[in-house]
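Residues per chain, in single letters:
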Amino acid sequence: MLLFPVIFPIIAGLIFLTVKGQKQQQIYIVSVIFLEALIAIYLCVTKSDSFTFWHMNKNVFILLQTDKLSQFFVCLMNIIWCFAAVFSQEYMKHEQNTKRFFTFFIMTLGALNGLAFSGNFFTLYLFYEMMTLLTVPFVIHSGTEEATKAAMKYLGYSIFGAGLALLGAFFLNYYCDSITFTVGGTLNASLVSGNENTLLVIFLIMMVGFGCKAGMWPLHGWLPTAHPVAPSPASAVLSGIITKGGVLAIIRVAYYLFGAEFLKDTWVQKIMLVLAVFTVFMGSMLAYKERLLKKRLAYSTVSQVSYVLFGLMLFSPLGFCGALLQIIFHAVAKNILFFTAGAIIYKTGKTFVNELKGIGKEMPVVMWSFAIASLSLVGIPPTSGFVSKWFLAQGGLSANYATLGLLGTSVLMISALLTAGYLLPIVADAFFPGRAEEYYHRESKEPNYLMTAPLCILSIFAVVFGMFPNGMINHIMQISYSIFR
């Protein structure tokens, strides 16, 4: 059964090429994605299992397994994919090559499920590369010269980053008893003795490599290049979900191969914290200066995903809990923001921030959703973003390295102010443009329910999760305690 969520979308994507008629294609896409999500989530909530699909030798085999972490990511990825599938049914009507887009859209979900269910490094690397290759068509979709260059940049950065990770894996294959993911790590103590610094260098190389997909400096450059040229539903999943593929790989390597105990209080931990904090600040500053809406949101992703990396590199239960909460709430908020950007482009053709004055009168539902998502990214209660940032701040302040913890928490607060500076003025200008005659005489350009329904539901999630977070916090704390037991 673990094979089904992986194989089914890939086969269904290929079959989609034979489906004729726009209505039949829409029904097919939504049915496949929702069926896939139901089965994947059912497998997550009903049982834990493992399955070796293919075995070449002792350390090279495809292993699928469910644990608490894989269940977390599978549920998030499939739920968000359902919203993107519905939204894209309307948005893609003004795009060309829609059959190609949806073929890869469906197949990518299979790669993501394979990545989440990966039970060892070889399996993770296989699906990680598959995820990259299947999402390149998202970026190159329009076929323009700009899109082609952006796609090649995305592909080049991703392959280079994955190559760094693979280089580290060659060393791990020697120093680890097994490359099967095990809580606490699999390093062989006798082999590690005397080679600690070598392994720490290897860890840093792998983190920089996988950090590429997560948008961490210095390999973050593909994000602000790829997002503006991709269709908005693709930008939403690239920002909200694909970047989390890099985060998942970082968690697996750090916590399930090296082990938190080996990495904590080392120089490489300090370097990773500095990289994460620098990326948070840099992304916020670049977003603040950017005038193209989707590019501003891309730089925001660079900043916000590094909140997650900061929490992970604290190697503490509070930091880890804050990181997983940030993964969920960032995915929700950033999908809302890219959906709203897509709705604005679809209905008005406007792409720059200074063109959005008074648009709240034309598209009130869209801009109210934008406002809620913006408040969540800033971290203002009662939105969900406040909850994750609270735990991240608590994790930073309770760490055993006062200087870095305090510095990191301070930068998170500064970044929150910058986030307010580059998102909330858009909301203010949308509803209060300054000239009444330009506002009250505008006609409604609200998109139909295929666009507004995902926005409204996700916006409700962004508030409800912030007002009643205890159930989710308890579940994530269980994952955290299973790692720090």
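Reading the values: rules and limits
Residues numbered from 1 in each chain as written. Predicted model: local features only at pLDDT ≥ 70, side-chain atom pairs only at ≥ 80, totals over all residues. Heavy atoms only, no water. Helix = DSSP H or I, 4+ residues; strand = E, 2+ residues; numbered from the N terminus. Buried < 20%, exposed > 50% of the residue type's maximum accessible area, 1.4 Å probe, protein only. Contact = heavy atoms within 4.5 Å. Areas by Shrake-Rupley, 256 points an atom, 1.4 Å probe, with all protein chains shown as cover. Lys, Arg positive; Asp, Glu negative; His and termini not counted. Charge placed at Lys NZ, Arg CZ, Asp CG, Glu CD. Salt bridge = Lys/Arg side-chain N within 4 Å of Asp/Glu carboxyl O. Polar contact = N/O pair within 3.5 Å; in protein donor to acceptor, adjacent residues only side chain to side chain. Pairing = 2+ DSSP bridges. Expected span 1.5 Å × (residues − 1). Phe/Tyr/Trp six-rings, centres within 6.5 Å; stacked < 30°, edge-to-face > 60°. Lys NZ or Arg CZ within 6 Å of the ring centre and 35° of its normal.

Undergrad: Sorry, what's going on with the overall build of the protein chain here?
TA: For the protein chain, the helix and strand inventory stands at 21 helices and two strands. Relative to its full complement of 485 residues, the protein chain shows a buried share of 62%. Relative to all contacts within the protein chain whose residues are 6 or more apart in sequence, the contacts with residues 24 or more apart total 81%. Of the roughly 17,700 Å² of accessible surface on the protein chain, 66% is carried by carbon and sulfur atoms. Of note, the protein chain has its 30 positive side-chain charges centred 2 Å away from the centre of its 20 negative side-chain charges.

Undergrad: Teacher, can you tell me more about the pattern of salt bridges here?
TA: Once their charged atoms are close, side chains differing in charge can pair, the charge on each being opposite to the other. Here the structure, examined in full by the defined rule, presents four salt bridges. Here Lys149 makes a salt bridge to Glu145, at a shortest N to O gap of 3.3 Å. Of this pair, Lys149 and Glu145 both sit in helix H6 (residues 145-175), four residues apart, which is roughly one turn of the helix. Owing to a relative accessible area of 54%, Lys149 belongs among the exposed residues under this scheme. With a closest N to O distance of 3.6 Å, Glu362 and Lys445 form a salt bridge. Of this pair, Glu362 sits in helix H15 (residues 359-362) while Lys445 is found in the loop between helix H19 (436-440) and helix H20 (449-467), placing the two residues 83 residues apart along the sequence. Relative accessible area serves as the criterion here: at 5%, Glu362 is assigned to the buried category.

Undergrad: Help me out: how do you make sense of the side chain of Asn78 in this one?
TA: When you line up the elements, Asn78 lands in helix H3 (residues 68-91). A relative accessible area of 0% means that Asn78 is categorised as buried. There is a polar contact of 2.7 Å between the side chain of Asn78 and the backbone oxygen of Val74. For Asn78, the side chain forms a polar contact with the side chain of Asn113, separated by 2.8 Å. Discounting residues that sit within four places of it in the chain, Asn78 has contacts with Glu36, Ala37, Ala40, Leu109 and Asn113.

Undergrad: Where do I start with the pairing of strand E2 (residues 61-65) in this structure?
TA: Along any regular strand the residues' side chains alternate between the sheet's two faces. In terms of residue burial, E2 counts as a mostly covered element, since five of its five residues are buried. Along E2, one buried face is formed by Phe61, Leu63 and Gln65 and the opposite face, lined by Ile62 and Leu64, is buried too. Sheet topology places strand E1 (residues 50-55) next to E2; five bridges connect them, and they run antiparallel. Considered in E2, the bridge of Phe51 is made with Leu64.

Undergrad: Explain helix H4 (residues 98-116) here, please?
TA: Because an α-helix completes one turn every 3.6 residues, residues spaced three or four positions apart along the sequence face the same direction. For H4, built from 19 residues, the straight-helix expectation of 27 Å at 1.5 Å per residue is met to within 8% by its first-to-last C-alpha distance of 27 Å. In terms of burial, H4 is a largely internal element, 15 of the 19 residues being buried.

Undergrad: Can you walk me through the packing of aromatic side chains in this structure?
TA: The geometry of an aromatic ring pair is captured by the separation of the ring centres together with the interplanar angle, meaning the angle of the planes. All told, the structure shown has 30 aromatic pairs when counted by the stated rule. Here the aromatic rings of Tyr174 and Tyr175 are separated by 5.0 Å at their centres, their planes lie at 80°, and the arrangement is edge-to-face. Each member of the aromatic cluster is reached from another via a ring pair, and the members are Phe16, Tyr28, Trp81, Phe101, Phe102, Phe105 and Phe138. Lys213 extends its terminal NZ or CZ atom over the ring of Tyr128, reaching a point 5.5 Å from the ring centre. The residue whose ring lies beneath Arg252 is Tyr256, and the NZ or CZ to ring-centre distance is 4.7 Å.

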